[in-house]
Amino acid sequence: MSRPGPDTEPGASAPLSEVLAHLQDAYELGADRLPQEELERLRRMLERAGRRRSLSADHTVVGIFGPTGSGKSSLVNALSGTGAARVAVRRPTTSEPLALVWGSSGSDELLDWLEIRQRVALPEGAPLVAGGPVRGPRVLEAVAPGGGSAVAVPEDRPAPGRREPHSGSATEAVAGSGDRASRRGFFRRRQRPSTPSTGAEPGPSGPPAATSTAGLILLDLPDFDSTALAHRETVERLAGQVDVLLWVVDPQKYADAALHHGFLRGLATHEAVILVALNQADRLDPQDLEAVTSSLAGILAGEGLPGVDVVPVSARTGEGVGGLAATIRDLTETRAAAMRRVAADAERAVGDLLPFAAQRTAGPSDAAREALSAELGRAAGVPVVVDAVRSAYRRDVHATAGWPVTRWLSGLRPDPLRRLNLRRQDLVPELRRSSLPAGDPAQQARVGQALRAFGDEAATGLREPWHTSVRDAARTTAPELTDALDAAVTGTDLETGRSKAWGVFGVLQWIAFAALASGLVWLGLLAALAFLQLPAPEVPRVEGFPLPTLLILGGLAAGLLLGVLAGLLARWGAGRRAARVRRKLLAACSRAADDVVLRPVLDEVERSNAFSAAVGAASQRG
C-alpha cells in the first residue's frame, strides 16, 4: 500500500491542505452566487486535488502531449528504450492512452483514477534511457485492458495489440547517429543541469548508463488536435490530472494556436510542472534550431511561462533525450511533482476567484438603517395612523369634556382609529390586521424603492456578484415585509384609552350645565306663573342680580370656558400622544426592518466577507 501524498508542497509558506480548505470554503460560500462555470471549474479542481492527494505519492505521472505528427510515441520509446509505444506513418497512431510504469507496486489505483487501461510495467531496475545497445531480450510486463493477467513481452517485440515500430525505433535511435557531433554543442547548451547519478548528455563515446527511475509513469496520449472528439476529450481530461505535462512539438507546428490558445495559455501558474520538448530537431541546421527554439521560448514567455525551458530533442537520433530524461528523473526522485501540480491548480483557482473578492465591508450604516425605517414608516402609513391618533384623542376629549349641549355632535363623526381597525378593543387576536392600504401599488412601489436604496448602500464596496446578491437579499423581502409592517402597526400600543383626568372636566361640565338648566327652569316657572297671573315667590338676588339669571349666565359661561380650556388641553395632549405614538410606530417599523430586511442583508454581507477572507487566505500561500 503506497503512502498518500504529502500535505505541504516544498517551498510553500502554508500547508497545501489549508489552501485547499480555504478554497473549499470559498466554493461553499460562492454556491449560487458565482458564475456557474467558475463554480464548476473550482469543484472539479477540488475533486481532482482531493483524489490525487489520496493516491500514491511514490509515483509521478508524466503525460506526453502533442499534435499530430510531433513524434510523441517515438519519444516515449526513446525515453523508455523500448518499442512499447506504437509508431506508424498513418495518423492518428495513438488512439488510447498507454502507460509505461517504472515500479508498478501501488500504481493500480492511480492508473484506475486516470482511466488508463493499457499499461506496460517495466522490469525492476529498468533505466529511463537505455544505456547503450540492449544486451539480451529485456522482458516487459504488459497489463491487459480490463485488469487481466500480465503478459511477458520481449523488448524487441511490441506490446499486445500494438504494431512493430518503424525502422527509426528508439532502440536503434539511442545507439547513436552519424550527425550527432555537429549538433552536440547546441544541445548541451540548452539542457538543464543534471546530477551525476541520473545521467548526462551523451559524449563522443556514446551515452552513459542511466539509473532506474522507480515510481515514474509515462503516458503516451492521443493527439490533442485529433479530429476524433473522443481523443481530444481524453487529452483535456488527462491534462487536468497528470502531475507533469510534457508538451512535444515539432518545428512545423510549434506555434499552433490549438496548443497555445487551447492549453498553454491557461497554465501560467503551472510553470514548475511543464516541460516542452522540440522534437525532430535533427532536421534543422544549428542556426535555424536556435531561431525556432528562441521563438518558441518567447511565445511561452508571452503566455506567462517564462521559466519553461525548450529542450531540443530528436527521438530518431536520440540527441537531447538524455537531458530530457534527466529532468524527468529529477522530478520523479523528489516525489514533489504531484503536490506541485495540485498547488499550481490551487494557485490558478485562487487567481480565478480574486476578481470576485473585495475588501471587508461593515454593511449598512446607521444612517441607512434610519432612512430605511423612516421610509418604511411612511409606506406602512405611520403618518396616517399618527393623524388618526391625534384626531381620535381630540374626539374622545370632546366626547368626555365637551359642552353637553354640543357633545352629542362628536358621536356623529366617525372614529378615525376604528375606521382603520386600530381600536385596541376592536382587534381580534386571530384577525389582527389593520385597514391601512399596505397592498396599494403606490405603497408597494415605495417599499420596493426603499429596499433597493438600502440594498445599494449596504453593498457599497462589494464586487459582483456580491453587490447584486446583497441588493437581492433586501429586495426579495418585500412580500414578507408588507405583512411584518402591518403587524408592527397593529401590535403597537396607540394609547387609545381615555384619560380619567378628563372625567373631572366632564363632571364640571355637567355641573355647569345643571346650573344653566336650573336657571332656565326657574325662570321658566316664574314666567309661567306670571302668565297665569298667579302669585310668584320672591326670587333670591345676589348683588342685585336674580339668582336664576346668575345660574344661567354662570352655567353658560362655565360650560363655554371649560369647553375652550378642554379644547386647548386636548390639542396639546393630542400632539404629545401623536408624537409618542409616532416614535413607537417608527421603532416597531425599525424592528420589522431589522428582522425581515437587515438580517438577510447582513448575512449576505458576512457571506461575501467570509468568501473574500477565504480567497485572501488561500492567496497568501507563497
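Residues numbered from 1 in each chain as written. Predicted model: local features only at pLDDT ≥ 70, side-chain atom pairs only at ≥ 80, totals over all residues. Heavy atoms only, no water.

Chemist: Explanation requested: the overall build of the protein chain in the structure shown.
Modeler: Each helix and strand in the protein chain was counted, giving 20 helices and 11 strands. Across the 622 residues of the protein chain, 48% fall into the buried class. The long-range fraction of contacts in the protein chain, counting pairs at least 24 apart against all pairs at least 6 apart in sequence, stands at 77%. For the protein chain, the exposed area adds up to about 28,600 Å²; of that, 56% sits on carbon and sulfur atoms. (Helix = DSSP H or I, 4+ residues; strand = E, 2+ residues; numbered from the N terminus. Buried < 20%, exposed > 50% of the residue type's maximum accessible area, 1.4 Å probe, protein only. Contact = heavy atoms within 4.5 Å. Areas by Shrake-Rupley, 256 points an atom, 1.4 Å probe, with all protein chains shown as cover.)

Chemist: I would appreciate a short explanation of the packing of aromatic side chains in the present structure.
Modeler: Given two aromatic rings, one states the distance between the centres and the angle between the planes to describe the pair. On inspection of all chains with the given rule, the structure shows three aromatic pairs. Measuring from ring centre to ring centre gives 5.8 Å for Trp 510 and Phe 513, while their planes differ by 85 degrees; the resulting arrangement is edge-to-face. Note that Trp 510 and Phe 513 are positioned in helix α19 (residues 501-531) at a spacing of three residues, about one turn of the helix. By relative accessible area, Trp 510 is classed as partly exposed at 46%. When its relative accessible area of 28% is taken as the criterion, Phe 513 is described as partly exposed. (Phe/Tyr/Trp six-rings, centres within 6.5 Å; stacked < 30°, edge-to-face > 60°.)

Chemist: Any chance you could explain the confidence of the model for the protein chain here in plain terms?
Modeler: For the protein chain, per-residue confidence averages 77 on the pLDDT scale, and residues scoring 70 or more make up 79% of the total. Mean pLDDT across the elements of the protein chain ranges from a minimum in helix α5 (residues 170-173), with 33, to a maximum in helix α4 (residues 108-114), with 94. Across residues 131-142, confidence stays below pLDDT 50; counting only partners more than four residues off in sequence or on other chains, it has 37 contacts. Low confidence marks residues 425-432, where pLDDT is under 50. Its contacts with residues over four positions away, or in another chain, come to 11 contacts. (pLDDT = per-residue confidence, 0-100.)

Chemist: In this structure, what is going on with unusual backbone geometry? I would like to understand it.
Modeler: Glycine aside, the phi torsion of most residues is negative, and most peptide linkages are trans. The linkage connecting Glu 464 with the following residue, Pro 465, adopts the cis geometry, with an omega of 5 degrees. A positive phi angle is found at Gln 280, which is not glycine, with a value near 60 degrees. Mapped onto the elements of the fold, Gln 280 is located in the loop between β8 (274-278) and α9 (286-302). Residue classification places Gln 280 among the buried residues on the basis of a relative accessible area of 12%.

Chemist: How should the pairing of strand β1 (residues 60-65) be read in this particular structure?
Modeler: Regular strands have side chains that alternate between both faces of the sheet. For β1, a buried count of six out of six residues is recorded, marking the element as mostly surrounded by other parts of the structure. Burial along β1 is two-sided: the residues Thr 60, Val 62 and Ile 64 and Val 61, Gly 63 and Phe 65 are all buried. As defined by bridge partners, β1 adjoins strand β7 (residues 244-249) across four bridges and the pair is classed as parallel. The residue of β7 that forms the bridge with Ile 64 is Leu 246. (Pairing = 2+ DSSP bridges.)

Chemist: Just checking my understanding: could you explain the environment of Asp 493 for this structure?
Modeler: The topology assignment puts Asp 493 in the loop between α18 (478-490) and α19. Remark: the alpha-carbon pair of Asp 493 and Leu 422, spanning 71 residues in sequence, is separated by 9.6 Å.

Chemist: Which parts of the structure should I look at to understand the packing of helix α13 (residues 382-401) against α19?
Modeler: The description of two helices packed together rests on the angle between their axes and the distance between the axes. With their axes 8 Å apart at the nearest point, α13 and α19 run at an angle of 40 degrees to one another. Compared by their axis directions, α13 and α19 come out oblique. Of α19, the residues touching α13 (which contributes Tyr 393, Val 397, Thr 400 and Ala 401) are Trp 502, Gly 503, Phe 505, Gly 506 and Gln 509. Across the contact of α13 with α19, the residue classes break down as five nonpolar, four polar and no charged. (Axes fitted to C-alpha atoms, helices over the stretch in contact; angles between N-to-C directions. Parallel < 35°, antiparallel > 145°, perpendicular 65-115°, else oblique. Nonpolar A, V, L, I, M, F, W, Y, C, P; charged D, E, K, R; others polar.)

Chemist: Just to check I follow, could you spell out the pattern of salt bridges for this structure?
Modeler: Two side chains that carry opposite charge are able to pair once their charged atoms sit near each other. Counted by the stated rule, this structure contains 25 salt bridges. The residue Glu 375 makes a salt bridge to Arg 378 at a minimum N-O spacing of 2.5 Å. Note that Glu 375 and Arg 378 are positioned in helix α12 (residues 366-379) at a spacing of three residues, about one turn of the helix. The class of Arg 378 is partly exposed, set by a relative accessible area of 38%. The shortest N-O distance in the salt bridge between Asp 493 and Lys 584 comes to 4.0 Å. Placement of the pair is Asp 493 in the loop between α18 and α19 and Lys 584 in helix α20 (residues 547-619), with a sequence separation of 91 residues. Owing to a relative accessible area of 42%, Asp 493 belongs among the partly exposed residues under this scheme. (Salt bridge = Lys/Arg side-chain N within 4 Å of Asp/Glu carboxyl O.)

Chemist: Sorry, what's going on with a nonpolar patch on the surface here?
Modeler: Together, Val 504, Val 507, Leu 508 and Ile 511 line one region of the surface with nonpolar side chains, adding up to about 350 Å² of accessible area. Here Val 504 lies in helix α19. (Patch = residues over 30% accessible without salt bridge, like charges linked within 9 Å, V, L, I, M, F, W, Y side chains within 5 Å.)

Chemist: I'm lost on the environment of Glu 333 in this one. Help?
Modeler: With respect to the element layout, Glu 333 can be found in helix α10 (residues 321-334). Residue Glu 333 is classed as partly exposed on the basis of its relative accessible area of 42%. Between the C-alpha atoms of Glu 333 and Ala 214, which are 119 residues apart in sequence, the distance is 8.4 Å.

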